[in-house]
Amino acid sequence: VPDCDLLNPLAQTTTVDFCGQISNLKFGTAEVSNTLDPALYSGWGVRPSDWNLGISVQQELLPRTSVEIGYYRRWFQGFNATDNTSVTPANYTAFNIVAPLDPRLPDGGGYPIAGLYDINPGIIASTVSNFISSSKNFGNQYNYFNGVDTNFSVRLRNGLTFQGGTSTGRTITDDCEIRAKLPELGPTNPYCHTEGAFITQIRGLGTYTVPRIDVQFSGTFQSNPGAVLSANYAVGTAEAARTLGRPLSNNATSVTVNVIPPRTLYGDRINQIDFRVSKILRYGRMRANLGLDLYNALNSNAVQSYNASFVAGGGTWPTPTLIMPARFMKISAQIDF
């Protein structure tokens, strides 16, 4: 139970507790914490934007059967950066850690993680005075995606239709030059450059209408990469002090670091099949469609999200926190007149 004065935003030491300074001394005051660069008010290329480029070619393989292959690139521009002008890079000290040895981590752990920062003792980091401007004022930043799609299409004369294919690609981001000048943006996030692994999505759909009785069967299949895994590891002040040369500032007992580079480790793939059967009824100029939909037909319990809290050699990482909804059925009717 804290015995500090919770209305006092500054650090306090009592006979029982130490209450640190709040994260923003301007909280609850009339003083503005954020100032926008006037250069962002108008002009060309000052707003966030993105460009898309797509090139594809389609070829007939057999009558009513074709394949299409396309290359797609998307890149983003107009990044903004937030500079807390009350601190400078000199107010931070860089340090490194070593990922814990654990067979659940990539290569069993034990790899170095650099690019962590801790604010120097005596610096009032909680005095926030943000200046928001273009990231170009601090360095180069980029974010782009490259991907390849392959699609097959089959339309037979007997009413059978099938379409399916794959999408493979990855995203690359980099803001290392920005982070070097603004370490306050993510002092415990060492991944300023990320090249996600190539991931592949598989999809397909098919329909068939039984002649004369007007009964239609259809289904879809999708196979997507699992959720991106994170391992948020609490780095104790003693461990940080090995390369930091001192305990963590502000009497912090630990800092949390994700010891898995983003978009490099994924959970189990998520596979799903949905099925539909419908009957068409005709009454003069009226038409009715009675349908039965079955979602998650195989009743898959694929994991959609995982626990991100990591404890070396134990804990509950990466136990599931959300699984795919169970199989369910829907009955529908549609009347056109």
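Residues numbered from 1 in each chain as written. Predicted model: local features only at pLDDT ≥ 70, side-chain atom pairs only at ≥ 80, totals over all residues. Heavy atoms only, no water.

Undergrad: Would you mind going over the sheet that holds strand E9 (residues 130-134) with me for this structure?
TA: Working definition: the strands of a sheet are paired by backbone hydrogen bonds and lie parallel or antiparallel to each other. Taken together, 3 strands build an open sheet; the order of strands is E3-E9-E6 and the sheet is mixed. Since the sheet does not close on itself, it has two edges, and those belong to strand E3 (34-36) and strand E6 (80-84), each with one partner. Strand-to-strand, the axes of this sheet are offset by a mean angle of 30°, without reference to chain direction. In the sheet, E3 pairs with E9 via 3 bridges, with the strands oriented parallel. Pairing of leucine 36 across the sheet is with isoleucine 132, part of E9. (Pairing = 2+ DSSP bridges. Helix = DSSP H or I, 4+ residues; strand = E, 2+ residues; numbered from the N terminus. Axes fitted to C-alpha atoms, helices over the stretch in contact; angles between N-to-C directions.)

Undergrad: Honestly, the sheet that holds strand E20 (residues 309-310) in this entry has me stumped. Any pointers?
TA: With mixed pairing, 3 strands are arranged side by side in an open sheet as E16-E15-E20. The open sheet terminates on both sides in strands that have one partner only, identified here as strand E16 (254-258) and E20. Its contacts with the sheet put helix H2 (residues 237-244) on strand E15 (232-236) and E16, and the angle it makes with E15 is roughly 70°. (Contact = heavy atoms within 4.5 Å.)

Undergrad: Any chance you could explain the state of the cysteines here in plain terms?
TA: Simply put, disulfide is the name for a covalent bond between the sulfur atoms of two cysteines. Within this structure, the stated rule accounts for 1 disulfide. The disulfide that involves cysteine 176 links it to cysteine 192, with 2.1 Å between the sulfurs. Between cysteine 176 and cysteine 192, the disulfide has an S-S torsion of 85° and is therefore right-handed. With a gap of 16 residues between them, cysteine 176 in helix H1 (residues 176-181) and cysteine 192 in the loop between H1 and strand E12 (193-195) connect regions that are remote in the sequence. In this structure cysteine 176 comes out as partly exposed when scored by relative accessible area, which is 26%. With a relative accessible area of 18%, cysteine 192 lands in the buried category. (Disulfide = S-S within 2.5 Å. Buried < 20%, exposed > 50% of the residue type's maximum accessible area, 1.4 Å probe, protein only.)

Undergrad: For this particular structure, what's the right way to read unusual backbone geometry?
TA: What is expected of a backbone is that most residues other than glycine have negative phi and most peptide bonds are trans. Cis peptide bonds are those with omega within 30 degrees of zero, and the linkage from tryptophan 317 to proline 318 qualifies with -10°. Structurally, proline 318 can be placed in the loop between E20 and strand E21 (320-323). With phi around 50°, asparagine 296 is a residue other than glycine that occupies positive phi space. Relative to the elements of secondary structure, asparagine 296 occurs in the loop between strand E18 (286-295) and strand E19 (303-306). Since its relative accessible area comes to 3%, asparagine 296 is described here as buried. The backbone phi angle of asparagine 299 is positive, close to 55°, even though this residue is not glycine.

Undergrad: Just checking my understanding: could you explain the pairing of strand E5 (residues 65-77) for this structure?
TA: Residues in a regular strand project their side chains so that they alternate between the two faces of the sheet. Here strand E4 (residues 49-62) runs beside E5; their pairing, made up of 13 bridges, is antiparallel. Among the inter-strand pairings, aspartate 50 is bridged to a residue of E5, identified as phenylalanine 76. Examined bridge by bridge, E5 and strand E10 (residues 142-155) share 11 bridges and lie antiparallel to one another. Note on E10: the bridge partner recorded for arginine 73 is asparagine 146.

Undergrad: Teacher, can you tell me more about the pattern of salt bridges here?
TA: Working definition: two side chains of opposite charge can pair if their charged atoms are close together. This structure, assessed with the given rule, holds 6 salt bridges. The partner of arginine 170 in a salt bridge is glutamate 195, with the nearest N and O atoms 3.5 Å apart. Of the two residues, arginine 170 is situated in strand E11 (residues 160-174) and glutamate 195 in strand E12; the sequence distance between them amounts to 25 residues. When the shortest N-O distance is used, the salt bridge between arginine 282 and aspartate 214 registers 3.3 Å. Here arginine 282, found in strand E17 (residues 270-283), pairs with aspartate 214, found in the loop between strand E13 (199-210) and strand E14 (215-224); they are 68 residues apart in sequence, far enough to count as distant. A residue is classified by how much of its surface remains accessible, and aspartate 214, at 22% relative accessible area, is partly exposed. (Salt bridge = Lys/Arg side-chain N within 4 Å of Asp/Glu carboxyl O.)

Undergrad: Sorry if this is basic, but what is going on with the packing of aromatic side chains here?
TA: Each aromatic ring pair is characterised by the separation of its centres together with the angle its planes make. The full count for this structure, using the stated rule, is 5 aromatic pairs. Geometrically, the ring pair formed by phenylalanine 217 and phenylalanine 275 is tilted, given 6.4 Å between the ring centres and 35° between the ring planes. Here phenylalanine 217, found in strand E14, pairs with phenylalanine 275, found in strand E17; they are 58 residues apart in sequence, far enough to count as distant. A relative accessible area of 34% means that phenylalanine 217 is categorised as partly exposed. (Phe/Tyr/Trp six-rings, centres within 6.5 Å; stacked < 30°, edge-to-face > 60°.)

Undergrad: Just to check I follow, could you spell out the side chain of threonine 150 for this structure?
TA: Residue placement: threonine 150 occurs in strand E10. Its relative accessible area of 19% is what places threonine 150 among the buried residues. Filtering out sequence-adjacent residues up to four positions away, threonine 150 remains in contact with Val67, Glu68, Ile69, Gly164, Gly165 and Thr166.

Undergrad: What should I look at first to understand the pairing of E11 in this one?
TA: One ladder, built from 14 bridges, connects E10 with E11; its direction is antiparallel. Counted as the bridge partner of asparagine 143 is threonine 173 from E11. The antiparallel pairing of E10 with E11 creates a hairpin that spans 4 residues between the two strands, and glycine 159 there sits at a positive phi of about 95°. Judged from the 10 bridges that link them, E11 and E13 form a sheet pairing that is antiparallel. From the neighbouring strand, threonine 168 faces E13, where its bridge partner is threonine 200. Relative to E12, E11 is paired through 3 bridges, and the arrangement is antiparallel. Directly across from threonine 173, in E12, lies its bridge partner threonine 194.

Coordinates in, geometry out; function isn't part of it.
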